[in-house]
12 protein chains.
Amino acid sequence: MMVVVIHGPNMNLLGVREPDVYGTVTMARIDERVEELAAELGVEVRISQHNSEGAIIDAIQQAGCDADGIVINPGGYTHTSVAIHDALKAVSIPAIEVHLSNILAREEWRHRSMTALACVGVIGGLGAESYLLALRGIVALVEADAGAGS
Amino acid sequence: MMVVVIHGPNMNLLGVREPDVYGTVTMARIDERVEELAAELGVEVRISQHNSEGAIIDAIQQAGCDADGIVINPGGYTHTSVAIHDALKAVSIPAIEVHLSNILAREEWRHRSMTALACVGVIGGLGAESYLLALRGIVALVEADAGAGS
Amino acid sequence: MMVVVIHGPNMNLLGVREPDVYGTVTMARIDERVEELAAELGVEVRISQHNSEGAIIDAIQQAGCDADGIVINPGGYTHTSVAIHDALKAVSIPAIEVHLSNILAREEWRHRSMTALACVGVIGGLGAESYLLALRGIVALVEADAGAGS
Amino acid sequence: MMVVVIHGPNMNLLGVREPDVYGTVTMARIDERVEELAAELGVEVRISQHNSEGAIIDAIQQAGCDADGIVINPGGYTHTSVAIHDALKAVSIPAIEVHLSNILAREEWRHRSMTALACVGVIGGLGAESYLLALRGIVALVEADAGAGS
Amino acid sequence: MMVVVIHGPNMNLLGVREPDVYGTVTMARIDERVEELAAELGVEVRISQHNSEGAIIDAIQQAGCDADGIVINPGGYTHTSVAIHDALKAVSIPAIEVHLSNILAREEWRHRSMTALACVGVIGGLGAESYLLALRGIVALVEADAGAGS
Amino acid sequence: MMVVVIHGPNMNLLGVREPDVYGTVTMARIDERVEELAAELGVEVRISQHNSEGAIIDAIQQAGCDADGIVINPGGYTHTSVAIHDALKAVSIPAIEVHLSNILAREEWRHRSMTALACVGVIGGLGAESYLLALRGIVALVEADAGAGS
Amino acid sequence: MMVVVIHGPNMNLLGVREPDVYGTVTMARIDERVEELAAELGVEVRISQHNSEGAIIDAIQQAGCDADGIVINPGGYTHTSVAIHDALKAVSIPAIEVHLSNILAREEWRHRSMTALACVGVIGGLGAESYLLALRGIVALVEADAGAGS
Amino acid sequence: MMVVVIHGPNMNLLGVREPDVYGTVTMARIDERVEELAAELGVEVRISQHNSEGAIIDAIQQAGCDADGIVINPGGYTHTSVAIHDALKAVSIPAIEVHLSNILAREEWRHRSMTALACVGVIGGLGAESYLLALRGIVALVEADAGAGS
Amino acid sequence: MMVVVIHGPNMNLLGVREPDVYGTVTMARIDERVEELAAELGVEVRISQHNSEGAIIDAIQQAGCDADGIVINPGGYTHTSVAIHDALKAVSIPAIEVHLSNILAREEWRHRSMTALACVGVIGGLGAESYLLALRGIVALVEADAGAGS
Amino acid sequence: MMVVVIHGPNMNLLGVREPDVYGTVTMARIDERVEELAAELGVEVRISQHNSEGAIIDAIQQAGCDADGIVINPGGYTHTSVAIHDALKAVSIPAIEVHLSNILAREEWRHRSMTALACVGVIGGLGAESYLLALRGIVALVEADAGAGS
Amino acid sequence: MMVVVIHGPNMNLLGVREPDVYGTVTMARIDERVEELAAELGVEVRISQHNSEGAIIDAIQQAGCDADGIVINPGGYTHTSVAIHDALKAVSIPAIEVHLSNILAREEWRHRSMTALACVGVIGGLGAESYLLALRGIVALVEADAGAGS
Amino acid sequence: MMVVVIHGPNMNLLGVREPDVYGTVTMARIDERVEELAAELGVEVRISQHNSEGAIIDAIQQAGCDADGIVINPGGYTHTSVAIHDALKAVSIPAIEVHLSNILAREEWRHRSMTALACVGVIGGLGAESYLLALRGIVALVEADAGAGS
């Protein structure tokens, strides 16, 4: 099983970026923990980070060709991107949206998630842990589907 | 460590209730899986289900006295209940909100969560798995806080 | 055939309560007329009144177990209660919502009915008569369904 | 006693028109049942159908001259027609609005009823039965008024 | 100079229609006073009343062919009719909108005038007097235009 | 009979001020025409202009003491001033609101008139003529009231 | 194959009506071009124009009986008419909505199309050309459906 | 004279609950001060606290039977509860709403008070003092009414 | 201790002004009662009334220099005045807002208080009593602050 | 004559992507048909597809340098992209917006087109046919402009 | 060249007023710096501060008579004052609006500027520097216009 | 000191692009003037232009590593880009937003600036001059911070 993890814009600045909101953990450290858990769960992961909306769509389309599930943090594109939403709908594998912070408890304009409309589920507010839980979730989901399909 | 799991209104009907939305797993089965995972993680859980908003507030207040964290599915009260929101704010332990379905991808009026404003994080859309991930999340959170405080 | 009639909050004050809006008929008198009509139509009725949202949900869940149809006046909970809405959706028997007054012709915030979204139909504005027509309606509905199913 | 029944636009297509929404009963069959019930209740009915908003207003004005009550299904004009609303207010006899479908459970823009603001009550969601209940309702209403006035 | 006066829906019921809102003057009496003033001002008037939106559009189009100005009370169509608005824009003669009542001081949904967007001016709240002032206004306007053009 | 005419802010700049919107007539010329018509109608007028909201309220309160009616152009205060609205409601004489331009056909935020809610009627869009028609209107109104009261 | 072309209100004034918005082509010239193209494509057309909403509904219902597709320009009724929307839904043949101007680039209140909700597609902004393209479109659509059905 | 004081949900946690918002005074201490003032003013008080909306309605209905006035802090139910609003309207004694904090200066969704619509007055922002002033207010009110009625 | 009491626009008309809304007590009588209570409480008061927004700001700024607290009824400026709001924020003494009527139970546009955002608390709906309670409240507040500071 | 055809994000997935919404035709097949029609009409076409908003802007700017017209399907960027809107406005050649599906009949948030505000016209809902009609439309438009200019 | 600088309400309290928002610089110090820069740029300045909306309008009208440009900080009147907006439009000299704080990054209700609609440009968020930049800007603007006009 | 100047999408078309809105100055000329002023002020500048949102985020992140301040014109991304907003927040150097036109005086949907929420200040409406003033502003800001920090 292959899971694609996609970090959206500005995730590369984690650790320095508004630490009172996003914590002091770096993206490299999150990736490390994700890879450890993937190894533990016996799944492959491919992780990438993109500041460009178009590059995120490319990554989703690529995942649609060679992966079994997506864990995506669309960052600032979460709230408005119909194009990422459409890409997630266009591929036939499930996706879970993650957020480091609890977007429902921040500014009004962060409450809406356009991209979550095209995801199976959403996990937010738990920092790096959000990614780990999402990985567990997507693996459980793909396994359940595989079980149902066999 | 003690974690309180609170099921909101109509959760007792799971399995029969709109199975295309909520799946066919029963609440009893979810509780079983939550208890298994709790045992595995070495934490205690207390689970209850309430149809009344007031009873949910009572349960939260009780948890504030004798527990370390809350996993709550406020059900239909999610979207409007300022009183449950206030109860969650009033106690000094962290809470994670869970939903079986992805509320951000359903009817417009289910998108807003009043109660999530008072939670650390939200996990939704993954069925029974949402509860398990939330339990893992709250345990990680309480342990991290304990670590930070020691 | 068994029909459950559920009166929402403050219905027990009918007759004294804002008589220019709700008329001078008491709840007891409405219940009497409902029972007379039920006898005439050859159906059984179980009538209850609740001030608590949770108790109304309990009553709906109970009806789901042993009745064929519901006539419900959710009173003040009509406009906001997702939990009652969910309960009505969760049970597999049909419900008709009734109102003594014409909620569409009163204050702006009474125009929306969250609970009606989960009902087959709505009858409002005709005072005690609303209940009688709803009883006739639900009986016709259940009979038609039974006919269709046989 | 004379009751005027007014069918709004497209009601003449009932039976063929979106049967999953409006059912397969034809307008002719509804009229038949209305006339049977009228006979049973000992009242006269005059039934007409109009696609034009102006013709509906004419029919309401006519009813104001020679009838005792109105049962009206304003169809698509329900949601926006101030002119029909004004006509219903202008005549001194009571009206009950009916709908075959439950407008409160359909598209957002069907939730508001401009014309119901000028009616005594509203009955919706019960198909042809809506008309029969409305006829019973208006007869009860007129009789009660007559009783009060005598 | 020829001025066309167009009464919208339900104006034919004036005098009987909600007298506390619209007064007790009949449409016939208003027409009489309009004709007297027209004679006094030396202009011709053509007055008509229509319940149908289409007929009002016909009347406006006709006025565009053979008249110099329009005084129009669009009644209930005021608030929503883009079609009447378009007709008023389509003809090259000026129009003044009149209302018996002060629409800005009534229900919220009467505050907007779609048709006034296509008129030179609006006069409201002064009962029959609104029509007389509008006639004076349109005559002054046409005379001023004629003077400017000569 | 005494009628008070109140010009709101910036009216003193008429003639120079955005002539494509407000025309080239000066306030002095409007006052002259108002005085001529007053003489013709046999009524007294007191005219003043104020840039300050408080001064307009003073003028209304003064009118309430010694005049029979008010013609007021609240200018830019029209759309938001609850205080002028309250002053107009507080005095027991009728007022007509006038506007040089047709506020319903200009920017969205000019469509609402807070002050018109407290006036008998509104006349707008006819330039200086608006004032003359309003004077005629208020005189007719006061005379009718006097007639009714005698 | 028979295609019905329905012109909405004020279309009969094309050429004179706001030429900067709608161009100088007359309705007669559009009809001529539509008929030429119909001949070229080997389909029959029936063209009519109506100022009345009810008459447009009649025309749609007639088309439902004897035609294969509809090209409709609902004019001012586009933005609010639920009744025309319902008529288009009620008949089982496809419709394409056309507009001479680009309604999405004009006043805010022209952006919404209630009637387009019931059409297969919309073509706007291309003047008379809009009708020709719509005719081509509806013919292609009907042919494709016929092909699929054979 | 008997005054009923009703504390809404979570008031029992005062002192521990978000002390920067609600202060450090406990509910017991507020009750003590209320009772002292009641004694000073020579009136009887009955104080209760409820987490359940239904229980608050019960308490209001009870007050309607045996008390002269109500001081109510509906807590989190303030902003949405039509049912409490209806209960306050249903009883014939006056009520004053109190809040410890100034709800108009907190989160947007706390600005609206559904329950205040059914109260004579509102006092907020003054902590425990709010209750004392409300008690003084309700006593003055009842005495004035008694004076007026005698 | 010195408390400044500021009456907003139209308060000078109390007694004559819409007595069904504001009662028949005059401003002079309110001032008398305020002064009596001030004497009783051993504090000094300075009372003024202003129709002008600017004058109210001047009075607040003056209070900021020589007083300990403010009781203010901003009247019609309550709902929109950012400038008064800013003045109240700019001075370092506490203010309580008062209203004779219950603004939350009147017209929709009176529900919002821009000025209350800058006050410690709000008291409304209790007529002249509102002022007396506010005076008590501000005195208690200043004394508590003084106690805390000593 | 050169026409640039720009496909927005996810168009490269056509055929596999949500076939019930977008059909089973691939982008390659659409391009083929567009090229065939271009040949038939004697015009040159340059077709490209881009997932990135910036790349679409580049393509529009390039078209502004060397083409005569644009046919653009902005995909998910349609609803929010001010930057594409600005690019279309910045170049001096006309553009027609196309959509495979009828965006006015889908989710609420797809109804608005920010980019259509900068286009001459819009064609939607006709699948691949939308592109062919748009090509015909843009050619007719450019030819008409050329004719007008010669 | 003469530039008029107008400080709105509460600007006289700068330095004491909410220093965390507005800084500790006094208005006197800002004026000093503005005058120094004016001297450096060789232009004359006239500076005034007003708490009253009417006085600000007077100052704008005066500037319209004898100055070449306006630098205005409308303070709390920024967000609602149509009257100041109209005054700025009424005079024929350009104005630049300044704010000490960045109004677009503060409370929602400070985001809109009614007065900026009538200004050439806006400068905000840079404290006293905002005024200096605005002075430079208005001087550059007037010089450019003079150059263009010569 | 190093200041980074970032031009958003379509800025490369300045001079040709809608000259009535944006003027005839080219981007090259603006850059020249910015560089001249930078030299005069003794600061270094790095200027770039990007059509892609991702590239702008890259440029901001780069500036965060090696510059002291940012002057940014986010162009069409201003109104919706949470991602650019987040990038500006993520870096620890101050930014000033500039616009050639006065966005607050253009289309409604240009009034909101999502990116300005993350900037110290905003300067708009002064054409090329906006950039020069912003450069002066950011230099003053950085110098003040440096002074405060030393």
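Structure: above.
For every chain, the first residue of its written sequence is number 1, and the numbers climb from 1 along that sequence. Here every chain gets a letter starting at A, and every ligand a number starting at 1, in the order they are written. In keeping with the predicted nature of the model, local features appear solely for residues at pLDDT of at least 70, side-chain atom pairs appear and are counted solely at 80 or more, and the whole-chain, interface and lining totals rest on all residues. Excluded from the side-chain calculation are hydrogens and water; included are all heavy atoms of the structure.

Student: I'd like a description of the arrangement of the chains, backed by residues and values.
Tutor: When C-alpha atoms are compared, chain A and chain E, though not in contact, are closest at a spacing of 28 Å. Here, residues are in contact when the closest pair of their heavy atoms is within 4.5 Å. One finds no contact linking chain D with chain K; the least C-alpha distance across the pair is 28 Å.

Student: So what's going on with the relation of the copies chain J and chain G? Which residues, and what values?
Tutor: For the pair chain J and chain G, the relating rotation is 180°, the translation along its axis is 0.0 Å, and the fit reaches an RMSD of 0.0 Å. In short, the pair behaves as if placed about a two-fold rotation axis. Among all C-alpha atoms of chain J, that of Ile123 of chain J lies closest to the rotation axis, at 2.2 Å. Of the interface residues in chain J, 100% have counterparts in chain G that sit at the interface too, so the contact is made through matching surfaces. Superposition of the copies was done by least squares, using only C-alpha atoms of residues whose pLDDT is at least 70 in both.

Student: Quick one: what's the story with the pairing of strand β1 (residues 2-7) of chain B, residue by residue and with numbers?
Tutor: Looking down a regular strand, the side chains alternate between one sheet face and the other. Residue and element names in this part refer to chain B. Most of β1 sits inside the fold, with six of its six residues counted as buried. Going residue by residue along β1, you find Met2, Val4 and Ile6 tucked away on one face and Val3, Val5 and His7 tucked away on the opposite face as well. Pairing between strands requires that DSSP locate at least two bridges from one strand to the other. Under the scheme used here, helices are H or I runs from DSSP no shorter than 4 residues and strands are E runs no shorter than 2 residues, and both carry numbers assigned from the N terminus. Here six bridges tie β1 to strand β2 (residues 44-49), and the two strands are oriented parallel to one another. The residue of β2 that forms the bridge with Met2 is Glu44. Note that β1 and strand β3 (residues 69-73) share five bridges and pair parallel. Opposite Val3, over in β3, you have Gly69 as the bridge partner. Only protein chains enter the accessibility calculation, which uses a 1.4 Å probe. A residue is then buried if its area is under 20% of the maximum for its type, exposed if over 50%, and partly exposed in between.

Student: Any chance you could break down the sheet that holds strand β3 (residues 69-73) of chain L for me, citing the residues and the numbers?
Tutor: Strand order in the open sheet formed by 10 strands is β2(K)-β1(K)-β3(K)-β4(K)-β5(K)-β5(L)-β4(L)-β3(L)-β1(L)-β2(L), with mixed pairing between adjacent strands. Edge positions in the sheet fall to β2 (44-49) of chain K together with β2 (44-49) of chain L, since each has one partner strand and no second. Taken over all neighbouring pairs, the strand axes of this sheet differ in orientation by 20° on average, direction set aside. For every element, the axis is a line fit to its C-alpha atoms; helices are fit only across the contacting stretch, and the angle between N-to-C directions ranges from 0 to 180 degrees.

Student: Could you give an account of the sheet that holds strand β5 (residues 121-124) of chain E, naming the residues involved and the relevant values?
Tutor: The 10 strands are arranged β2(E)-β1(E)-β3(E)-β4(E)-β5(E)-β5(F)-β4(F)-β3(F)-β1(F)-β2(F) in an open sheet whose pairing can be described as mixed. Edge positions in the sheet fall to β2 (44-49) of chain E together with β2 (44-49) of chain F, since each of these pairs with one other strand and no more. Taken over all neighbouring pairs, the strand axes of this sheet differ in orientation by 20° on average, direction set aside. Set on the sheet, helix α3 (residues 53-66) of chain E makes contact with β1 (2-7), β2 and β3 (69-73) of chain E; between it and β1 of chain E the angle comes to about 175°. Lying over the sheet, helix α2 (residues 27-41) of chain F contacts β1 (2-7) and β2 of chain F, oriented at roughly 165° with respect to β2 of chain F.

Student: Requested: an account of the relation of the copies chain E and chain F, with residues and values cited.
Tutor: It takes a turn of 180° to lay chain E on chain F, together with a shift of 0.0 Å along the axis; the resulting RMSD is 0.0 Å. Taken together, the interface assignments show that 100% of the residues at the interface of chain E recur at the interface of chain F, consistent with an identical surface on both copies.

Student: Quick one: what's the story with the side chain of Asn10 of chain I, residue by residue and with numbers?
Tutor: Note that Asn10 of chain I resides in the loop between β1 (2-7) and α1 (19-22). For Asn10 of chain I, a relative accessible area of 0% corresponds to the buried category. Setting aside its immediate chain neighbours within four residues, Asn10 of chain I contacts Ile57, Gln61, Ala83, Asp86 and Ala87 of chain F together with Arg17, Gln49 and Asn51 of chain I.

In short, geometric facts, not functional conclusions.
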